[in-house]
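Residues per chain, in single letters:
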Amino acid sequence: MTTEQDCIFCRIASGEIPADVVAEGLEWLAFRDLSPQAPTHVLVIPRGHVTSLDDPGAGVIGFGDALLAGCRKAAEATGVAGGYRVVTNTGPEGGQEVMHLHLHVLGGRQMGWPPG
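Here is what the cut-offs are and how they apply
Residues numbered from 1 in each chain as written. Predicted model: local features only at pLDDT ≥ 70, side-chain atom pairs only at ≥ 80, totals over all residues. Heavy atoms only, no water. Helix = DSSP H or I, 4+ residues; strand = E, 2+ residues; numbered from the N terminus. Rg over C-alpha atoms; globule rule 2.2 N^0.38 Å. Buried < 20%, exposed > 50% of the residue type's maximum accessible area, 1.4 Å probe, protein only. Contact = heavy atoms within 4.5 Å. Lys, Arg positive; Asp, Glu negative; His and termini not counted. Charge placed at Lys NZ, Arg CZ, Asp CG, Glu CD. Polar contact = N/O pair within 3.5 Å; in protein donor to acceptor, adjacent residues only side chain to side chain. Pairing = 2+ DSSP bridges.

Student: Looking at this model, I keep getting lost on the overall build of the protein chain. Mind explaining?
Tutor: Within the protein chain one finds two helices and five strands. Secondary structure elements of the protein chain occur, N-terminal to C-terminal, as α-β-β-β-α-β-β. Against the globule reference of 13 Å for 116 residues, the protein chain gives a C-alpha radius of gyration of 13 Å, in line with a compact fold. For the protein chain, the C-alpha atoms occupy an extent of roughly 35 × 30 × 30 Å along the three principal directions. Scored against the burial criterion, the 116 residues of the protein chain give a buried share of 39%. Restricting to contacts in the protein chain with at least 6 residues of sequence separation, those with at least 24 account for 53%. Side chains of the protein chain carry 7 positive and 13 negative charges; the gap between the two charge centres is 10 Å.

Student: Just to check I follow, could you spell out the side chain of serine 52 for this structure?
Tutor: Along the chain, serine 52 turns up in the loop between strand 3 (40–46) and helix 2 (63–78). Using a relative accessible area of 8% as the deciding quantity, one classes serine 52 as buried. Reaching out from serine 52, the side chain makes a polar contact with the backbone nitrogen of aspartate 54 at a distance of 3.0 Å. In this view, serine 52 contacts Ala58, Thr90, Gln96 and Leu101; residues no more than four positions away in its chain are not counted.

Student: Help me out: how do you make sense of the pairing of strand 5 (residues 103–107) in this one?
Tutor: Looking along a regular strand, one sees side chains alternate from face to face of the sheet. Counting buried residues in strand 5 gives five out of five residues, a clear majority hidden from the surface. The pairing of strand 3 with strand 5 spans five bridges and is classified as antiparallel. Among the inter-strand pairings, leucine 43 is bridged to a residue of strand 5, identified as histidine 104. In the sheet, strand 4 (residues 84–87) pairs with strand 5 via four bridges, with the strands oriented antiparallel. If you follow tyrosine 84 over to strand 5, its bridge partner there is glycine 107.

Below, the structure is given as structure tokens:
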């Protein structure tokens, strides 16, 4: 179980670990992924520790709105607002590697379907 003390995304959100921040709000932070899967690949995270969409903290009214607004702001800041994809992985079977909720904003190329 990841705790806030050993969570890399919590440490990025607190400023302890530097990141290439592209946009931020009171409740979220958007920064470039270190292992990009598209020409533009930004992660949008809640500033507080929420493990995944299955975490009860993700059910707070307005929480999703704030994160999606962060995705829109990240897309605008990186020049992909005309066409981009937002993805989140939930749990190990869903492909989640860092146990802190994060949304991937992917753009800068044509996205195929199905995604994976």
